[in-house]
Amino acid sequence: TCEDFLAVRALFRKVGLTLNPTFVTFTPWTTWESYRELLNLLAEEDLIHNVAPIQLAIRLLIPSGSGLLQLREVREVIGSFKEAALSYAWNHADPSLDELCNQIRRLVKAANDCGLTRRQIFSSIWDLAYEQGPPHDEAVPHLDWVLPRAAIPYLDEPWYC
């Protein structure tokens with residue numbers, strides 16, 4: 001849960017460890033609202049530099065024999081089993097979220113190739129998430145208040161996940 005995540009975050013800070021969270025951000029249950037909430041949480045909790053940008057484009061893999069295949073809502077979105085990927089292809093019920101995922105994946109690859117910082121990449125992902133998709137009632141927070149900080153140790157292979 002989000003509360004569990006925040007508790008782990010607090011514990012890591014208390015003992016002086018650097019948290020390097022990973023996510024499966026795109027699932028059949030992801031919504032525009034939940035994706036935007038994740039981005040807000042990362043900004044509010046000062047975790048932008050701790051998260052490899054590719055983590056914000058990871059799609060759920062559904063392998064053969066997965067318990068998820070027992071869920072009606074999963075069976076409604078999966079396609080055929082892709083032997084090369086060892087998983088079922090699936091499309092989100094909202095095609096605009098599949099497109100967002102693809103755009104973010106391309107953005108992260110291009111940004112890594114250009115040597116952009118995690119903060120710069122996050123800002124571009126933020127813009128995509130708030131400029132596209134359904135309208136939102138909440139005021140769009142601005143990232144101007146997020147200050148640059150010392151580098152967080154991380155692996156330099158963007159594909160490691």
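Provided above is the structure to which this section pertains.
These numbers come from a predicted model, not from an experiment.

(A) Broad picture of the overall build of the protein chain. Scanning the protein chain from N- to C-terminus turns up five helices and two strands. Ordered by position in the sequence, the α and β elements of the protein chain form the string α-α-α-β-β-α-α. Every one of the 161 residues in the protein chain was classed for burial, and the buried ones make up 37%. Long-range pairs, those at least 24 residues apart, make up 68% of the contacts in the protein chain between residues at least 6 apart in sequence. For the protein chain, the accessible surface area stands at approximately 9600 Å², while carbon and sulfur atoms represent 57% of it.

(B) Just a nonpolar patch on the surface, in detail. Taken together, the side chains of L11, V15 and L17 define a hydrophobic patch exposed on the protein surface, amounting to about 290 Å² of accessible area. Summarising the element assignment, L17 is placed in the loop between α1 (2–15) and α2 (32–44).

(C) Region of interest: the nonpolar core. Among the nonpolar cores identified, the biggest contains 33 residues, and Y35, L39, L42, L56, L100, I104 and I125 are the most heavily contacted of them. Beyond its immediate chain neighbours, meaning those up to four positions away, I104 contacts F26, Y35, L56, A57, I125 and L128.

(D) Molecular detail of the packing of aromatic side chains. Evaluation of the coordinates by the stated rule reveals five aromatic pairs. Look at F5 and F23: their rings are 6.1 Å apart centre to centre, the planes differ by 55°, and that puts the pair in the tilted class. Residue F5 is found in helix α1, and its partner F23 is found in the loop between α1 and α2; the two are separated by 18 residues along the sequence. Taking the centre distance of 5.1 Å and the plane angle of 70° together, the rings of F81 and Y88 count as edge-to-face. F81 gets classed as partly exposed once you look at its relative accessible area, which sits at 28%. Ring pairing ties together the aromatic residues F122, W126 and Y130, which thus form one cluster. The aromatic ring of Y130 is capped on one face by R36, whose charged end is 5.4 Å from the ring centroid.

(E) Looking closely at the pattern of salt bridges. Tallied over the entire structure, the rule returns four salt bridges. R106 is the salt-bridge partner of E99, the closest N and O atoms lying 3.3 Å from each other. For E99, a relative accessible area of 35% translates into the label partly exposed. Its salt-bridge partner being D113, residue K109 comes within 3.1 Å of it at the nearest N-O pair. In this pair, K109 and D113 are both assigned in helix α4 (residues 95–114), four residues apart and thus about one turn of the helix distant. In this pair, the class of K109 matches that of D113, namely exposed.

Calculation notes
- Residues numbered from 1 in each chain as written.
- Predicted model: local features only at pLDDT ≥ 70, side-chain atom pairs only at ≥ 80, totals over all residues.
- Heavy atoms only, no water.
- Helix = DSSP H or I, 4+ residues; strand = E, 2+ residues; numbered from the N terminus.
- Buried < 20%, exposed > 50% of the residue type's maximum accessible area, 1.4 Å probe, protein only.
- Contact = heavy atoms within 4.5 Å.
- Areas by Shrake-Rupley, 256 points an atom, 1.4 Å probe, with all protein chains shown as cover.
- Patch = residues over 30% accessible without salt bridge, like charges linked within 9 Å, V, L, I, M, F, W, Y side chains within 5 Å.
- Salt bridge = Lys/Arg side-chain N within 4 Å of Asp/Glu carboxyl O.
- Core = buried A, V, L, I, M, F, W, Y, C linked by side-chain atoms within 4.5 Å.
- Phe/Tyr/Trp six-rings, centres within 6.5 Å; stacked < 30°, edge-to-face > 60°.
- Lys NZ or Arg CZ within 6 Å of the ring centre and 35° of its normal.

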